[in-house]
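Breakdown of the fold
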Amino acid sequence: MEKHTTIDTPSTMHDTFGRHLHYLRVSLTDACNLRCVYCMPEDITFQPAASLLQDEEILMLIRVAASLGVDKIRLTGGEPTMRRGLVELVRAIRAVPGIQRVVMTTNGIKLASLARPLAAAGLDQVNISIDSLDPVKFRSITRRGDLDHVWRGIAAAEAAGLTPIKLNCVVTRGFNDDEVVELARLTLTNPWQVRFIELMPLGSVADFQQDQVVPSRVTQARIAAALGPLLPVAGHNGHDPAQPYQLAGAAGQLGFISSVTQPFCAGCNRLRLTADGRLRLCLLRDAEVDLLTPLRAGADFASLQHIMAEGAYHKPWGHRLEEDDIARSREMSQIGG
Ligand code: SAM
Ligand code: SF4
């Protein structure tokens, strides 16, 4: 049960459940150069630029978050590499006092040319989405992507030191669930973490998503049957949603993100900032706090601190998918995963 009390502005953010919130995922745009079937409808209209946060506004909100103890930023989207001035923005975010780590989740399409300048600007690491090793299937999942560009992006990220490379695969029944063994096999010779993500129902494509979910335990059993037992990796960071495993003798790791069948709410330390300036308290719940309006109305730093900390305090616990309570107000691409 959520309590509705107010708090004085602290220097760290905690919620009513005592969770310490110090990781902010920032969506830099809702636009994307792909149209993944599990993420957005094919005919999606992206938001007009005027309703999105400008660079200075993003920086201001990150400064506010950092003053409240946020030390890690993940840039996401939509596709974060679509944002103009990304390299300079990364440099400026990295310079915000208190920010220790800036990482990014990307589809990798534009990384071949961007990896090196991003690393030089201070980006620490990237997660790259790759759902299939078959160019034809990849195109059908993404509705337009060229798999070659992603491979070039992965190579460039590795060369630029944006490591450890983590590869995100959303397992979607009938699209790529027959490829999980081949995807897992990548870890035998590469020092990558290949992460299998359960499809989450959200937004206007929620009904499609619900039909296509493959539970992590099914993916794990498939991989183990073909490649041998999955050995748990010791020392798992309880805030990482990916449960890590390793195949015997492998150079890399496997990760399983089971948000639907085994939610990890107890370890959740994150908040999300949408590209249109809302603090999203939980990926799978629609509760949001408007930061854009007060920001544009001239709210001072202390007021923004108070609004953010107060919002964070009321972060909810748990999705309600089993009660068929699905967050439909936004597409995944508008929140950033
Ligand atoms: N465009 C970038 C990308 O694809 O990596 C960043 C944004 S994307 C929304 C972030 C992550 O969410 C990606 O790994 C993507 O595969 C994942 N994702 C998108 N829709 C999803 C869904 N319905 N369920 C689970 N993961 C999803
Ligand atoms: Fe774009 Fe990423 Fe969504 Fe695919 S998952 S459509 S790449 S935002």
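These remarks concern the structure in this document.

Quick notes on the overall build of the protein chain
In terms of helices and strands, the protein chain carries 11 helices and 12 strands. A compact globule built from 337 residues should have a C-alpha radius of gyration of about 20 Å, and the protein chain, at 19 Å, falls within 12% of that. Each principal axis of the C-alpha distribution contributes one length, and for the protein chain these read about 55 × 45 × 40 Å. Here the protein chain, with 337 residues, has 57% of them falling under the buried criterion. Sequence-distant contacts, at least 24 apart, represent 74% of the contacts inside the protein chain between residues at least 6 apart. Surface exposure of the protein chain reaches about 13600 Å², of which carbon and sulfur atoms provide 53%.

Describing the packing of aromatic side chains
Tallied over the full model, the rule gives 4 aromatic pairs. Ring centres of Phe 196 and Phe 256 lie 5.6 Å apart, and the angle between their planes is 25 degrees; on these two criteria the pair is classed as stacked. Here Phe 196, found in strand β6 (residues 193–198), pairs with Phe 256, found in strand β9 (residues 253–257); they are 60 residues apart in sequence, far enough to count as distant. For Phe 196, a relative accessible area of 2% translates into the label buried. Note on Phe 256: relative accessible area 1%, which makes it buried. Seen from their ring centres, Tyr 245 and Phe 256 are 5.8 Å apart, and the 70 degrees between their planes marks the pair as edge-to-face. Residue Tyr 245 is located in strand β8 (residues 243–247), and its partner Phe 256 is located in strand β9; the two are separated by 11 residues in the primary sequence. An aromatic cluster is present here, built from Phe 196, Tyr 245 and Phe 256 joined pairwise through their rings. In this structure, Lys 72 is placed above the aromatic ring of Tyr 23, and the distance from its NZ or CZ to the ring centre is 4.3 Å.

Section: the side chain of Asp 276
Turning to its location among the elements, Asp 276 is positioned in the loop between β10 (270–273) and β11 (278–280). By relative accessible area, Asp 276 is classed as buried at 7%. A distance of 3.0 Å separates a polar atom in the side chain of Asp 276 from a polar atom in the side chain of Gln 47. At 3.0 Å, the side chain of Asp 276 and the side chain of Arg 330 are in polar contact. Leave out the neighbours within four places in its chain, and Asp 276 touches Gln 47, Ser 51, Leu 52, Leu 53, Leu 292 and Arg 330.

Some words on unusual backbone geometry
Of the consecutive residues Thr 163 and Pro 164, the connecting peptide bond is found in the cis state with omega at 0 degrees. Its location among the elements puts Pro 164 in the loop between α5 (147–159) and β5 (166–171). In this structure, Arg 143 is a non-glycine residue whose phi angle is positive, near 65 degrees. Within the element layout of this structure, Arg 143 appears in the loop between α4 (135–142) and α5.

As for α5
Within an α-helix, residues lying three or four positions from one another point in the same direction, as the helix has 3.6 residues per turn. In a regular helix each residue adds 1.5 Å, so 13 residues correspond to 18 Å; α5 covers 19 Å between its end C-alpha atoms and thus fits that length. If you follow the buried residues of α5, they end up packed against α3 (111–121), β4 (125–129), α4 and β5. Two residues or fewer past α5, Gly 161 is found with a positive phi of approximately 80 degrees.

Examining the nonpolar core
One finds Leu 75, Phe 196 and Leu 254 to be the most contacted residues of the largest nonpolar core, which totals 97 residues. When residues in this core are grouped by element, the largest group, 7 residues, is from helix α1 (residues 55–67). Each residue touching Leu 75, except ones within four places of it in the same chain, is listed here: Val 26, Leu 28, Pro 80, Leu 86, Val 90, Ile 93, Val 102, Val 103, Met 104 and Thr 105.

Focus on the site of ligand 1
Taken together, 20 residues surround ligand 1, and among them Tyr 38, Gly 78, Glu 79, Ser 129 and Met 200 come closest. Asn 168 is positioned such that a nitrogen or oxygen atom in its side chain is 3.1 Å from an oxygen atom of ligand 1. Compared with its free state, where it exposes 540 Å², ligand 1 has 95% of that area covered by protein. Taken together, the elements giving at least two residues each to the shell around ligand 1 come down to β3 (101–106), β5 and β6. Its residues assigned to classes, the shell around ligand 1 shows 7 nonpolar, 11 polar and 2 charged.

So, the environment of Val 70
For Val 70, the location among the structural elements is in the loop between α1 and β2 (72–76). With relative accessibility at 1%, the residue Val 70 sits in the buried group. The spacing of Val 70 and Thr 12 is 58 residues in sequence and 7.7 Å in space, taken between C-alpha atoms. Sequence-distant contacts of Val 70, that is, excluding residues within four places in its chain, are made with Met 13, Leu 21, His 22, Tyr 23, Leu 24, Ala 65, Gly 98 and Ile 99.

Points about the pairing of β10
Alternating positions in β10 separate into two faces, Arg 270 and Arg 272 on one and Leu 271 and Leu 273 on the other, with burial throughout. Inspection of the sheet shows strand β1 (residues 23–27) paired to β10 by 4 bridges, in the parallel sense. Residue pairing in the sheet places Leu 24 in a bridge with Leu 271 of β10. Pairing geometry for β10 and β11, over 2 bridges, is antiparallel. Its bridge partner lying in β11, Arg 272 is registered against Arg 280. Connecting β10 to the next strand, β11, in antiparallel fashion are 4 residues, including Gly 277 with a positive phi near 80 degrees.

Analysis parameters
Residues numbered from 1 in each chain as written. Chains lettered and ligands numbered in written order. Predicted model: local features only at pLDDT ≥ 70, side-chain atom pairs only at ≥ 80, totals over all residues. Heavy atoms only, no water. Helix = DSSP H or I, 4+ residues; strand = E, 2+ residues; numbered from the N terminus. Rg over C-alpha atoms; globule rule 2.2 N^0.38 Å. Buried < 20%, exposed > 50% of the residue type's maximum accessible area, 1.4 Å probe, protein only. Contact = heavy atoms within 4.5 Å. Areas by Shrake-Rupley, 256 points an atom, 1.4 Å probe, with all protein chains shown as cover. Phe/Tyr/Trp six-rings, centres within 6.5 Å; stacked < 30°, edge-to-face > 60°. Lys NZ or Arg CZ within 6 Å of the ring centre and 35° of its normal. Polar contact = N/O pair within 3.5 Å; in protein donor to acceptor, adjacent residues only side chain to side chain. Expected span 1.5 Å × (residues − 1). Core = buried A, V, L, I, M, F, W, Y, C linked by side-chain atoms within 4.5 Å. Near = heavy atom within 4 Å. Nonpolar A, V, L, I, M, F, W, Y, C, P; charged D, E, K, R; others polar. Pairing = 2+ DSSP bridges.

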